[in-house]
Amino acid sequence: VFPLADESEERAIIEDKAVGELMAQAAYPETKRRFDAYRAGAQVEFVTFHPSYTYQDFVVGIRPSTEGTNVVYSVEPGPLKRLADAAEENWRASQLKAGSALTDMQRFNRAFAQMLMDISNAPEQYVEVTLYGGKKSQARAGKQGKGVILSKEEGGIPYNVARKGLSDLWPQRASFNAPGDMESCSYNKSFFFAVLKHLVSIDGQLGDPEMKAPEPLKNYVLVIDEINRGNIAKIFGELITLIEDDKRLGAVNELTCCLPYVDPEEEPAFGLPPNLYIVGTMNTADRSIALLDTALRRRFVFEELMPDASTLPTAPVDGVELPKLLDTLNQRIAYLFDRDHTLGHAYFMGVKTFPDLEHCLLHKVIPLLQEYFFEDWSKIRLVFRDAQKKKEQQIVRELTVDAAQLFGADAEIGDGRAMFEVAGTLTPDMVKAIYE
């Protein structure tokens, strides 16, 4: 349900349908339900940038957790990396040809996934592997499935066996008859040998089936709300290069990099797949917040979403036509200030009765206009066209003040100033007079 530029019309990224079709009033509830389903299915991630948001929150970083009474620190992926990993897995699976056999690395991935499942399903949360000399060791799952931890018993000395190290050894597995044969393995050879042989056994049990069909390619979407409220250059880091179309995985200038905090022995170099989309939203009225630096700006397609009165109910609310009211207010605001500060249609989306509209105008619209015009009430009166209304229809009224009576005849106070007050209650006629 996210807009993607198209030559003919805006299309949705995930479902490839016209955005207008998805956002129509009758279709919106079902669209929202499917959006929630995509989020639950890890096909959509939603984050909000703010001044405290960091690269470690967004991509990958070290986070504390507790194990019993101890505080431990582990490298955890952020929303960008989580979604990128899922998108890459789907993208690579979609590249397979129908009916083709599993590749050697697919067989490794299948065997490793089965071992993790066996560990998870075991009551003690470990499986036994046999060392070269015949002794047994307990294999437990490592953090985030990046490897396994071997120890003689729980609480014993742990030995890390990284998944990437195992995958590097996998192609030569048939030539390894003893730990000493694994010359490329620089540490914990006995434990790598034991786990590798365990994986070979699992692979033999699973067999070598034919692939029925490649997995359908799916699009994944990361939505960044208030994208201009964070330090974007700091948050994105090396992603500022990786998000370019020609630097994506499988592209002509494919580019990967080693992420900080990540051991290159445990994980392969990181890249962004072509089926990952990044959608950022921001309010251009936030003048106190920087927009986007030029380096990032040229990597995004910008689409302006102006207030749309057609989304509002056409049925009058006690005679007040909401679309006409919104359009009239925005035309005057754009003339007196600028078009970036016009009122969004969301202000009136929840208006069902006139008390709803009265509350919206008195407690949302007028306070906003006070900020826009820096308490210049004469301009706010122009927005409501109060100067041309009868006094009983005015929303912002100019008061007549006798300075001599207020301060005394002998007070030296210059020419005085205009004073204004906002009507305590509104009527449908007062609101209709704004645009009639």
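Residues numbered from 1 in each chain as written. Predicted model: local features only at pLDDT ≥ 70, side-chain atom pairs only at ≥ 80, totals over all residues. Heavy atoms only, no water.

### With respect to a nonpolar patch on the surface
Here is step 1: Taken together, the side chains of L399, V401, L406, F407 and M419 make up a nonpolar region of the molecular surface, amounting to roughly 460 Å² of accessible area.
Here is step 2: Relative to the helices and strands, M419 is located in strand 13 (residues 419-422). (Patch = residues over 30% accessible without salt bridge, like charges linked within 9 Å, V, L, I, M, F, W, Y side chains within 5 Å. Areas by Shrake-Rupley, 256 points an atom, 1.4 Å probe, with all protein chains shown as cover. Salt bridge = Lys/Arg side-chain N within 4 Å of Asp/Glu carboxyl O. Helix = DSSP H or I, 4+ residues; strand = E, 2+ residues; numbered from the N terminus.)

### Focus: the state of the cysteines
Here is step 1: The final tally for this structure, using the stated rule, is 0 disulfides.
Here is step 2: The structure places no disulfide on C185, whose sulfur is separated from the nearest cysteine sulfur, that of C258, by 19 Å.
Here is step 3: Residue C185 is classed as buried on the basis of its relative accessible area, which comes to 7%.
Here is step 4: Free cysteine: C257, not disulfide-bonded; nearest cysteine sulfur from C258 at 7.1 Å.
Here is step 5: Overall, C257 belongs to the buried group, its relative accessible area being 18%. (Disulfide = S-S within 2.5 Å. Buried < 20%, exposed > 50% of the residue type's maximum accessible area, 1.4 Å probe, protein only.)

### Structural notes on the pairing of strand 8 (residues 147-151)
Here is step 1: The element strand 8 is extensively covered by neighbouring structure, given that 4 of its 5 residues are classed as buried.
Here is step 2: Across 4 bridges, strand 7 (residues 136-141) lies against strand 8 in antiparallel orientation. Counted as the bridge partner of R140 is I149 from strand 8.
Here is step 3: In the sheet, strand 8 pairs with strand 9 (residues 159-162) via 4 bridges, with the strands oriented antiparallel. Along strand 9, the bridge assignment pairs I149 with N160. (Pairing = 2+ DSSP bridges.)

### Remarks on the nonpolar core
Here is step 1: Within the largest apolar cluster, 36 residues are counted, with the highest numbers of intra-cluster contacts made by L325, F348, L357, L369, F384, L426 and V431.
Here is step 2: Elements supplying a minimum of two residues to this core: helix 11 (322-336), helix 13 (354-372), helix 14 (377-384) and helix 16 (428-432).
Here is step 3: Top element by residues in this core is helix 13. It accounts for 10 residues.
Here is step 4: Once residues within four sequence positions are removed from consideration, L357 is found in contact with V320, L322, L325, F348, V351 and V431.
Here is step 5: Residues F49, L222, I227 and I243 belong to the second largest nonpolar core, which totals 30 residues. (Core = buried A, V, L, I, M, F, W, Y, C linked by side-chain atoms within 4.5 Å. Contact = heavy atoms within 4.5 Å.)

### Section: unusual backbone geometry
Here is step 1: If you check the backbone angles, D16 has positive phi at about 50° while not being a glycine.
Here is step 2: Mapped onto the fold, D16 is located in the loop between strand 2 (11-12) and helix 1 (19-23).
Here is step 3: Positive phi is not limited to glycine here, since E226 has a value of about 55°.
Here is step 4: Locating E226 in the fold gives a position in the loop between strand 10 (220-225) and helix 8 (232-236).

### Concerning the sheet that holds strand 3 (residues 44-48)
Here is step 1: Strand order in the open sheet formed by 3 strands is 3-10-11, and the pairing between neighbours is parallel. Two strands bound the open sheet, and with one partner strand each, they are strand 3 and strand 11 (276-280). Each strand axis lies, on average, 15° off the axis of its neighbour in the sheet, ignoring direction.
Here is step 2: As paired strands, strand 3 and strand 10 are joined by 5 bridges and run parallel to one another. Within strand 10, the position partnered with V44 by the bridge is V221.
Here is step 3: Sheet strands touched by helix 4 (residues 79-94): strand 3, strand 10 and strand 11. Its angle to strand 10, the strand with the most contacts, is close to 165°. (Axes fitted to C-alpha atoms, helices over the stretch in contact; angles between N-to-C directions.)

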